[in-house]
Amino acid sequence: MKTIIRTVCMITVLILAGLSITLAQTSKRKKNEATVSPYQTAIDNAYKKLYNFNEGKNADYIKELANVDPTIYGIVIVTTDGQVFTKGDLDSRVSIQSISKVFTVARLIEEQGPKAIMEKIGVDATGLSFNSIIAIELKKGKEINPLVNPGAIAAVSLISGIDSAAKWKNILQTHNDFASADLKINMPVYISEAGDNLRNQAIAHLLNAYGRMYFDPVQSTDVYTKQCAINVNVKDLAIMAATLANGGTNPISKKTVVSPETAAFTMSIMATAGLYDDSGQWLYAVGLPGKSGVGGGIIAACPGKFGIAVISPPLNEVGNSVKAQETIYEIVKELKADPFLVEPKK
């Protein structure tokens, strides 16, 4: 009889212990489910929806870009308080290309002030392609915008530094500070671009003819080519975007890279001219300041909230990553992060 009682007691203890473990696991699971960030959920949903989305093709006018793996697909959001949310390929690096223009002009605004940019370069969208020579001719080198090639080369010529080496050091350090990383040049891309940048050299010389270059045009073009060849991964880009969104202070390193005023002026230019010929369509759909590069990256900044970056190399006909655009659109829509989307007061 005692044996039976002991057996029943033992079974009861085991049942209760098992029940306790099950309840604890259920409670933990519910707690984890309750604490999943809406940022992570939005990233996960967009990634799942668009993973097999394969429109566009790699840029090939720069020969090395045609060799980049077209299946690279990574998404990162960095919030202004330093939280990081990720999905997909976080390690693959691509050349930053035109996204670099954002951070060079931010440094320039910080050095010389917003009025100097308006007077010496211009901030209106040209309405023409990013490497247009016609845009220079129409305005005699004025109103060329720092986020297209002519304005970007002029911006490099204005960056402080007694020679091209000093200018390059300033530009690279600026990118490092925005990314909180030690960034390097993608040498095959740089060599490929430097050997085939005759159009950019022509742009620089034409600007010089109109008195709109402020340093040697050949050397300025070379430094510009180097900045476009800076290698980045998607997390680097997201931190850079988040630094702008955080008023110029890097949310990871806590370093003040530029002033809040500079960050505001920079994002304004991004909003009007960040995605080449499709800048209006981008702002219409997404509502956030953005910038693309033909390496396959796109960044966007939601002021005061987060920066987002996506890398996917296949581009549309005007040079913007097709999948990256769709991804950011889906995430911003799910997060209701478009600043123009306002819930009416009732």
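Residues numbered from 1 in each chain as written. Predicted model: local features only at pLDDT ≥ 70, side-chain atom pairs only at ≥ 80, totals over all residues. Heavy atoms only, no water.

**Student:** Can you help me understand the pairing of strand β6 (residues 297-302) in this one?
**Tutor:** Side-chain direction in a regular strand flips from residue to residue, so the side chains alternate between the two faces of the sheet. Across the 6 residues of β6, 6 count as buried, placing the element largely inside the fold. Across the two faces of β6 the burial is the same, with Gly-297, Ile-299 and Ala-301 and Ile-298, Ala-300 and Cys-302 all buried. The sheet contact formed by strand β5 (residues 290-292) and β6 spans 3 bridges and is antiparallel. Considered in β6, the bridge of Gly-290 is made with Ala-300. The turn linking β5 back onto β6 is made up of 4 residues, and Gly-296 within it adopts a positive phi angle of 115°. Examined bridge by bridge, β6 and strand β7 (residues 306-311) share 6 bridges and lie antiparallel to one another. Note that in β7 the partner of Ala-301 across the bridge is Gly-307. (Buried < 20%, exposed > 50% of the residue type's maximum accessible area, 1.4 Å probe, protein only. Helix = DSSP H or I, 4+ residues; strand = E, 2+ residues; numbered from the N terminus. Pairing = 2+ DSSP bridges.)

**Student:** Looking at this model, I keep getting lost on the packing of aromatic side chains. Mind explaining?
**Tutor:** In this structure the tally under the stated criterion is 7 aromatic pairs. Between Tyr-47 and Tyr-51, the ring centres sit 5.4 Å apart and the planes meet at 50°, which makes this aromatic pair tilted. Looking at Tyr-47, the relative accessible area reads 16%, which means it is buried. An angle of 45° between the planes, with centres 6.5 Å apart, marks the rings of Tyr-61 and Phe-130 as tilted. Within this pair, whereas Tyr-61 is found in the loop between α2 (38-50) and β1 (74-79), its partner Phe-130 is found in the loop between α4 (114-120) and α5 (134-139), the two being separated by 69 residues in sequence. Tyr-61 sits in the partly exposed class, given a relative accessible area of 43%. The exposure class assigned to Phe-130 is buried, which follows from its relative accessible area of 14%. One aromatic cluster is present, built from ring pairs that chain together Tyr-39, Phe-85 and Phe-306. The residue whose ring lies beneath Lys-323 is Tyr-51, and the NZ or CZ to ring-centre distance is 6.0 Å. (Phe/Tyr/Trp six-rings, centres within 6.5 Å; stacked < 30°, edge-to-face > 60°. Lys NZ or Arg CZ within 6 Å of the ring centre and 35° of its normal.)

**Student:** How do you make sense of the nonpolar core when you look at a structure like this?
**Tutor:** When a protein is soluble and globular, its nonpolar side chains tend to lie buried together. Residues Phe-103, Ile-121, Phe-178, Leu-237, Leu-244 and Ile-299 are the most contacted members of the largest nonpolar core, which totals 60 residues. When residues in this core are grouped by element, the largest group, 9 residues, is from helix α11 (residues 234-245). Contact partners of Ile-121, with chain neighbours within four places excluded, come to Leu-108, Ala-116, Lys-142, Glu-143, Ile-144, Asn-145, Pro-146, Gly-151, Ala-154, Ala-155, Leu-158 and Arg-212. Counting 25 residues, the second largest nonpolar core, distinct from the first, contains Tyr-39, Ala-300, Ile-331 and Ala-337. (Core = buried A, V, L, I, M, F, W, Y, C linked by side-chain atoms within 4.5 Å. Contact = heavy atoms within 4.5 Å.)

**Student:** Teacher, can you tell me more about empty space enclosed by the protein here?
**Tutor:** Per the counting criterion, the structure on display carries 2 cavities of 30 Å³ or more. Its volume calculated, the largest cavity comes out at about 40 Å³. Looking at the largest cavity, the residues that line it are Asn-58, Ala-59, Leu-65, Val-68, Val-294, Gly-295 and Pro-313. One number sums up the size of the second largest cavity: a volume of about 30 Å³. (1 Å grid on protein atoms, 1.4 Å probe; cavity = no way out; pocket = protein on both sides within 12 Å on 5 of 7 lines; lining within 4 Å. Points joined across faces, edges and corners; volume = space filled by probe spheres on them.)

**Student:** Honestly, the side chain of Asn-197 in this entry has me stumped. Any pointers?
**Tutor:** Turning to its location among the elements, Asn-197 is positioned in the loop between α8 (187-194) and α9 (198-209). Judged by relative accessible area, which is 9%, Asn-197 ranks as buried. Among all residues touching Asn-197, those that are not within four sequence positions of it are Thr-221 and Thr-225.

**Student:** Could you clarify how one ought to interpret unusual backbone geometry in this entry?
**Tutor:** Most peptide bonds take the trans form, and the phi angle of most residues other than glycine is negative. One non-glycine residue, Ser-180, adopts positive backbone phi at about 55°. Positive phi, close to 70°, is recorded for Lys-254, a residue that is not glycine. For Lys-254, the location among the structural elements is in the loop between α11 and α12 (260-273). Among the residues examined, Lys-254 registers a relative accessible area of 54% and is labelled exposed.

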